[in-house]
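# Chains, contacts and geometry: an overview
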Amino acid sequence: MHFNKQSGVALITVLFIFALVSMLAVSIQTQQEQAFRQATSTLENTSTFITLLSIEDIAKAGLMFDNKRDKDANELWDTASELWNQPFPLTLGGAQVAIYIRDLQGLFNVNSLHPKHPQHNEAKARFVRLLSDLGLDTSVANNLTEWFTADSSFNYEYESLTPGYTSPEIEFSHISELMLIKGMSATDFRILEPYVTALPMATPLNINTSNPFVLSAWDAKLSLEQSTQIINKTRSNACGPAGRNDFVFKAVDDLFEEPTIKELITAANNPADDQEDNANNSNIWDKSDFDVKTKYFSVISILKTDTKEIALESIIKRDPETDFIGTIYRDLSRQPSDVNRLVKTMNCAGA
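These numbers were taken from a predicted model, which means no experiment stands behind them.

## A closer look at the overall build of the chain
A tally of helices and strands in the chain yields 12 helices and nine strands. With 351 residues in all, the chain has 43% of them scored as buried. Sequence separation of 24 or more characterises 66% of the internal contacts of the chain that already satisfy a separation of 6 or more. Summed over all atoms, the accessible surface of the chain reaches about 18,200 Å², with 57% contributed by carbon and sulfur.

This is the structure:
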């Protein structure tokens, strides 16, 4: 009887050890499967990111080719009629790829509202008009100014939110930061985003790639219809090198010689015409605010496979004088559906 009890205990011990070993084996197998899936996912994500960077490099090469062509021909301007402003589809590594390039200097630069900008008051008035023309809340302009202002009491409103945050009082790095500003809803931001950008505050506006809403906001006396007529002079139905010399302001002086613009400048410089109106007019037509060539571009790369579709936005800086080109910002939160909304304001056929 004693022997049988010992045998039973031994049997139970053996069964317990066997169960424990089985559990450990299952656990190890599960961990191995998880590690394998994780490694596979990491490898796939890494491969996808490398492919997107390759697409970005293709866009850079195209922009540098465009810059070299301009310099060799002594045609130092960028226009909406050029080939880089057209979708570029291709196949890369078995995946379908599309490249979309936007000229960010054709958009309204919200960093121009920063108090350190010499014309921040004028920029604020322009931003108010742009918001109004788009049917959006104009209080955003004042709220953005307060956001940029050091030690503004207005910032306590942000600190009292849950979760709270505070203004760094510096320029935006990306236009998405505008979503932090009081009064800017997600819906309004989607409407406004195609017309605005966040670049160094003194970056000039490229009139050749701008939009009627942006130009119209420059002066309260410049109607949307008038600005559309001016902008359409930089648009060609035949996109590419064939039309780039015919649909372009080759110099900022050409813009200032436009009859509509010239009349506005004359009126602004002649207070005798309407002293009270000009005293309250916060518009200054300054040639340094405009340019005909661009340094900053947004490249949206779309990668589509059988299982997924992913987008990458890269903010590219190209210096026409030094031939430098580099990426200063990348955003993987973009959706392929963003393309139609963002690129619609710049096309060869007209605004």
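Having put the structure on the table, let's press on.
## Some points on the sheet that holds strand β2 (residues 95-103)
If you walk across this open sheet you meet the five strands as β1-β2-β7-β8-β9, and the pairing is antiparallel. Because the sheet does not close on itself, it has two edges, and the strands there are β1 (88-92) and β9 (324-331). Strand-to-strand, the axes of this sheet are offset by a mean angle of 30 degrees, without reference to chain direction. In the sheet, strand β8 (residues 309-319) pairs with β9 via seven bridges, with the strands oriented antiparallel. By the bridge assignment for β9, I315 is matched with Y329.

## Comments concerning the pairing of β1
When β1 meets β2, the two strands line up antiparallel, connected through five bridges. Of the residues in β2, the one forming a bridge with F88 is I99. Hairpin connection of β1 to β2: two residues between the antiparallel strands, including G93 at a positive phi of 60 degrees.

## Notes on a nonpolar patch on the surface
Taken together, the side chains of F16, I17, L20, V21, L24 and I28 define a hydrophobic patch exposed on the protein surface, amounting to about 590 Å² of accessible area. On the secondary structure map, F16 appears in helix α1 (residues 2-72).

## Thoughts on the packing of aromatic side chains
Summed over all chains, the structure comprises 12 aromatic pairs. With centroids separated by 5.1 Å and ring planes inclined at 90 degrees, the aromatic side chains of W147 and Y158 adopt a geometry described as edge-to-face. Of this pair, W147 sits in helix α3 (residues 139-148) while Y158 sits in helix α4 (residues 156-159), and the two are 11 residues apart along the sequence. Classification of W147 by relative accessible area gives buried; the value is 2%.

Rules used in this analysis
Residues numbered from 1 in each chain as written. Predicted model: local features only at pLDDT ≥ 70, side-chain atom pairs only at ≥ 80, totals over all residues. Heavy atoms only, no water. Helix = DSSP H or I, 4+ residues; strand = E, 2+ residues; numbered from the N terminus. Buried < 20%, exposed > 50% of the residue type's maximum accessible area, 1.4 Å probe, protein only. Contact = heavy atoms within 4.5 Å. Areas by Shrake-Rupley, 256 points an atom, 1.4 Å probe, with all protein chains shown as cover. Pairing = 2+ DSSP bridges. Axes fitted to C-alpha atoms, helices over the stretch in contact; angles between N-to-C directions. Patch = residues over 30% accessible without salt bridge, like charges linked within 9 Å, V, L, I, M, F, W, Y side chains within 5 Å. Salt bridge = Lys/Arg side-chain N within 4 Å of Asp/Glu carboxyl O. Phe/Tyr/Trp six-rings, centres within 6.5 Å; stacked < 30°, edge-to-face > 60°.

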